[in-house]
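Chain by chain, the residues run as shown.
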Amino acid sequence: MNFIPTWLRRLASPQHFFGDIKLWIAWLYVLGTIGFLVGSVWGLAFVPPERYQGDSFRILFVHAPIAHLVQVIYISIAIAGVVHLVWKLKMADIYMSAAAPIGCWLTVLALVSGMIWGAPTWGTAWVWDARTVSTLILFFLFFGLIVLRRVIPNPTRAAAALSILAIVGTINIFIIKFSVVWFKTLHQPASIELFGDIAIAPVFLAPLFINIASTYVLAAGFILANMRYLVAVRNVSMTWNQEWVQGRKQ
Amino acid sequence: MSSTHLTISDLRCQPGSQELFDGLSISVSGGETIELRGPNGCGKSTLLRIMAGLQQPDSGDVTRYVEPLGYLGHKFGLASILTVQENLRWTSTLNGAKFDTARAQDLLETFELRTATNKLIQELSTGQKRRCSFVCLLIGEYKLWLMDEPFSSLDNQGEELVRELIQEHCGKGGSAVIASHSTSPLAHAALVELGIN
Amino acid sequence: MRYWALYRRELLIEFRSGVESLIPIIFFLLVVGTFVFTLRSFTAGDNRVIVSVIWITTLFTSLLSLDKLFKRDHADGTLAVAVLHSDAITATVVTKLVAHWSVTGIPITVLGPAVGLLAGMHIDHASMLGFTLLIGTPTITMLGALVTALLVGLGRGGELLTVLVLPLYIPILLFGISVCHLHIDSASYTSELFWCFALLTGSTTAIPLALGPILKLSQDS
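Bear in mind that the values here come from a model prediction, so they are computed numbers and not experimental data.

(A) Quick peek at the overall build of chain B. Check the secondary structure of chain B and you find five helices and eight strands. Listing each helix as α and each strand as β along chain B from the N terminus yields β-β-β-α-β-β-α-α-α-β-α-β-β. For 197 residues, the compact-globule estimate of 2.2 N^0.38 gives 16 Å, and chain B sits close to it at 17 Å. A principal-axis box enclosing the C-alpha atoms of chain B has dimensions of 50 × 35 × 30 Å. Across the 197 residues that make up chain B, the buried fraction comes to 43%.

The structure is reproduced here in structure tokens:
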């Protein structure tokens, strides 16, 4: 595995991860917050109103990045699951445990912001189409991961169980998402398909992409901070950990 | 001519905050009897489960040269709503062997379970269940026996019988690892003392 | 030969449990009956409601019965013995799943359309319902067994299983119901049916192989 740079390999050890990652988290928080503020203010105040939806579409700049992000987080958990099952990497296990609660909260945000958007534009807060259904299922899958982690006391077994559930869940989400065209009869068609026939105007793209990038950066910060916490908790008895605690007390 | 049945090298196990073993290495060869001794909570059962593969150590290697292993834990490994005979049959099915009725009857005779052949396991007493699990162990033709407190709930005569069986098994090239609280050690057994760190 | 012997053992255990092994089926009839009775003004003109009710009740019935799929074997230690025979573990798992399907899936496949007929479904629609249940119930057993195996020995009840398994049942539920609804609407249902077959094939090939290692890991508590 020589192609992996040294700084990255260092992060696989809990002690170095705990020390090195602190600065990363700070930078991610700063960059993400600035980006998110810029993108949101731009989107909310400086972009012209949309032709059909007026001003209510502006929640897009918050909703779309999060709704996109939660899927990426879930898939990344499944990838970490594969990594854990194949290479038994401890960090992959910590990543799964750290990312699941954050993904769960973000899914709630995505659903709520979607409902707030849906209420004025569709006339209803909830529509049973593939996108909403898959996000709702995603919420249950995230919840399942968190619960599974909590009910299995043995960490080795919990990590394997989480990996398997995440992998099966990802297959599940893909089937639901890509079967959109198949279950036409089950859902009433959405009144407005933003990304369908009405192409998104270039003027909206810049703030949208800024916000997508910022939510990625912020979420990475949250997850890394949560991982740092878990690394500390799981290595409570280690000397480096106790030395750090001693250092803080003085 | 003795062959290695199982090796453990540099085993470390730390369930929870308490460290059980650190750098434990054991090798079990054919003909050997190993008796694990130590106070409650020193990890005898855990070590047997790790040897069997029912539990994962934190680090270290376990290599099994003979499979499957005969494991006798705190649970009897007998389906309670099947009869003694049906349970024995199941053991030989798992091993892919043909069920030898005559041999099964002989073994049941030795363990004084002849009359219980067609009784359901749940109708037997605890001692009888224990005896029945020994018959399963013998029917299974395992090379390596891992036994957790094999003498519990057996009467004196039963304990004597099991001691003889273990000796006979190891005399024929088999091997056994036994966790025991019994006051008198097994004949020819190598003792491994586990302590609490 | 080994498969047959193991299968007979599983069926024998079900048989010896007697009336207890009938509980899931009675539950199924009870729930479907209650629904059809209370919804009779809706179901009178529209068979689609009955199809959905029967499919969803099938999921709940499977949850009820899966809870004890490995429980007894874990409690008496036979699961540990089975897991240690690593060359026989797939045979053990497969026969267990087939036996489970024989005592829940097959009766539901038969009873589902029968109840549908009693509730006023057309014979064509009822047989299509039976056909989708025939494809769907093994898939349900497989997915359910996978999650049940993750929870062996934790001493947790069915509510945890419900939360973990139901999201995974959504695809087969959607496609199964879709096929029936499209059939009732006289529309083309080929692609949905292929999806059902794909889920059946995928789950029945992958999951039995994965279950052995998962059960072995589940011994670690």
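Past the structure itself, the notes keep going.
(B) Up close: the pairing of strand β4 (residues 59-64) of chain B. Residues and elements named next belong to chain B. For β4, the tally of buried residues reaches only zero of six residues, placing the bulk of the element at the surface. Pairing of strand β1 (residues 4-13) with β4, which is carried by five bridges, proceeds in the antiparallel orientation. Bridged to Leu-6 within β4 is Arg-64.

(C) Spotlight on the environment of B:His5. Residue and element names in this part refer to chain B. Structurally, His-5 can be placed in strand β1. The spacing of His-5 and Ser-175 is 170 residues in sequence and 7.7 Å in space, taken between C-alpha atoms. Every residue in contact with His-5, bar those within four places of it in the chain, is listed here: Val-28, Ser-29, Gly-30, Tyr-65, Val-66, Lys-143, Leu-144 and Ser-175.

(D) Quick look at the sheet that holds strand β5 (residues 70-72) of chain B. Residues and elements named next belong to chain B. Read across the sheet, five strands follow the order β5-β6-β7-β3-β8 without closing on themselves; strand pairing throughout is parallel. A strand with exactly one partner marks an edge of an open sheet, and here the two such strands are β5 and β8 (189-193). When strand polarity is set aside, the average angle formed by the axes of neighbouring strands in this sheet is 15°. For strand β3 (residues 33-37) and β8, the ladder comprises five bridges, and the chain directions are parallel. Paired with Thr-33 across the bridge in β8 is Ala-189.

(E) Fine view of helix α2 (residues 23-38) of chain C. Across its 16 residues, α2(C) extends 22 Å between first and last C-alpha, which sits within 8% of the 22 Å expected from 1.5 Å per residue. On its buried face, α2(C) is in contact with α3 (40-43), α4 (47-66) and α7 (89-118) of chain C.

(F) Geometry of the nonpolar core. Counting residues in each nonpolar core, the largest one holds 179 residues, and the members touching the most others are A:Ile77, A:Leu165, B:Val135 and B:Leu146. Beyond its immediate stretch of four places on either side in the chain, A:Leu165 contacts A:Gly144, A:Leu145, A:Leu148, C:Leu150 and C:Leu164.

(G) Region of interest: the environment of C:Leu29. Following the sequence through the fold, C:Leu29 ends up in helix α2. Through-space distance from the C-alpha of C:Leu29 to that of C:Phe42 is 19 Å; in sequence the pair is 13 residues apart.

(H) Broad picture of the sheet that holds β4(B). Residue and element names in this part refer to chain B. A sheet is described by the order of its strands in space; here three strands give the open sequence β2-β1-β4, paired in antiparallel fashion. Two strands bound the open sheet, and with one partner strand each, they are β2 (21-29) and β4. Each strand of the sheet is rotated relative to its neighbour by a mean of 5°, with strand direction disregarded. Across the sheet, helix α1 (residues 44-52) touches β1 and β4, and the angle it forms with β1 is around 125°.

(I) Broad picture of the confidence of the model for chain C. Residues and elements named next belong to chain C. Scored by pLDDT, chain C has a mean of 91; 99% of the residues are at 70 or more. The secondary structure element of chain C with the lowest average pLDDT is α3, at 76, and the one with the highest is helix α8 (residues 123-150), at 95. Across the predicted assembly, pTM comes out at 0.89 and ipTM at 0.90.

(J) Looking closely at the interface of chain A and chain C. The interface of chain A with chain C comprises 26 residues on the first partner and 24 residues on the second. If you list the elements that add at least two residues to the side of chain A that touches chain C, you get α5 (130-151) and α6 (155-178) of chain A. Broken down by element, the side of chain A that touches chain C gets its largest block of residues, 11 residues, from α6(A). Among the residues making up the side of chain A that touches chain C, the classes are represented as 18 nonpolar, seven polar and one charged.

(K) Spatial organisation of unusual backbone geometry. A cis amide bond, omega -10°, links B:Glu67 with the succeeding residue B:Pro68. Its identity as a non-glycine residue notwithstanding, B:Glu149 has a phi of 50°, on the positive side. Within the element layout of this structure, B:Glu149 appears in the loop between β6 (144-148) and α5 (156-171). Judged by the 19 C-beta atoms lying within 10 Å of it, B:Glu149 is partly exposed. With a phi angle near 55°, C:Ser186 is a residue other than glycine that sits in the positive phi range. By secondary structure assignment, the location of C:Ser186 is in the loop between α9 (158-184) and α10 (190-218). Residue C:Ser186 is classed as exposed on the basis of its 7 C-beta neighbours within 10 Å.

(L) Spotlight on the packing of helix α3 (residues 101-110) of chain B against helix α4 (residues 126-139) of chain B. Residues and elements named next belong to chain B. At their nearest, the axes of α3 and α4 sit 10 Å apart, and the two run at 145° to each other. Helix-helix and strand crossings are classified by hand; for α3 and α4 the assignment is right-handed. On α4, the residues touching Ala-104, Leu-107 and Leu-108 of α3 are Val-135, Leu-138 and Ile-139. Residue composition of the contact of α3 with α4, grouped by class: six nonpolar, no polar and no charged.

(M) The packing of α4(C) against α9(C), seen in detail. Residues and elements named next belong to chain C. Viewed as axis vectors pointing N to C, α4 and α9 meet at an angle of 150°, and their least axial separation amounts to 9 Å. Taken together, the axis directions place α4 and α9 in an arrangement best described as roughly antiparallel. By crossing handedness, the relation of α4 to α9 is classed as right-handed. Every residue of α9 that contacts α4 at Asn-47, Arg-48, Val-51, Ser-52, Trp-55, Leu-59, Leu-63, Leu-64 and Leu-66 is listed here: Gly-158, Leu-161, Thr-162, Val-165, Leu-166, Tyr-169, Leu-173, Gly-176, Ile-177, Cys-180, His-181 and Ile-184. Class assignment of the residues belonging to the contact of α4 with α9 gives a composition of 14 nonpolar, six polar and one charged.

Thresholds applied
Residues numbered from 1 in each chain as written. Chains lettered and ligands numbered in written order. Predicted model: local features only at pLDDT ≥ 70, side-chain atom pairs only at ≥ 80, totals over all residues. Helix = DSSP H or I, 4+ residues; strand = E, 2+ residues; numbered from the N terminus. Rg over C-alpha atoms; globule rule 2.2 N^0.38 Å. Buried ≥ 20, exposed ≤ 12 C-beta atoms within 10 Å, placed from the backbone. Pairing = 2+ DSSP bridges. Contact = placed C-beta atoms within 7 Å. Axes fitted to C-alpha atoms, helices over the stretch in contact; angles between N-to-C directions. Expected span 1.5 Å × (residues − 1). Core = buried A, V, L, I, M, F, W, Y, C linked by C-beta atoms within 7 Å. pLDDT = per-residue confidence, 0-100. Nonpolar A, V, L, I, M, F, W, Y, C, P; charged D, E, K, R; others polar. Left-handed = near helix turned anticlockwise from the far one by under 90°. Parallel < 35°, antiparallel > 145°, perpendicular 65-115°, else oblique.

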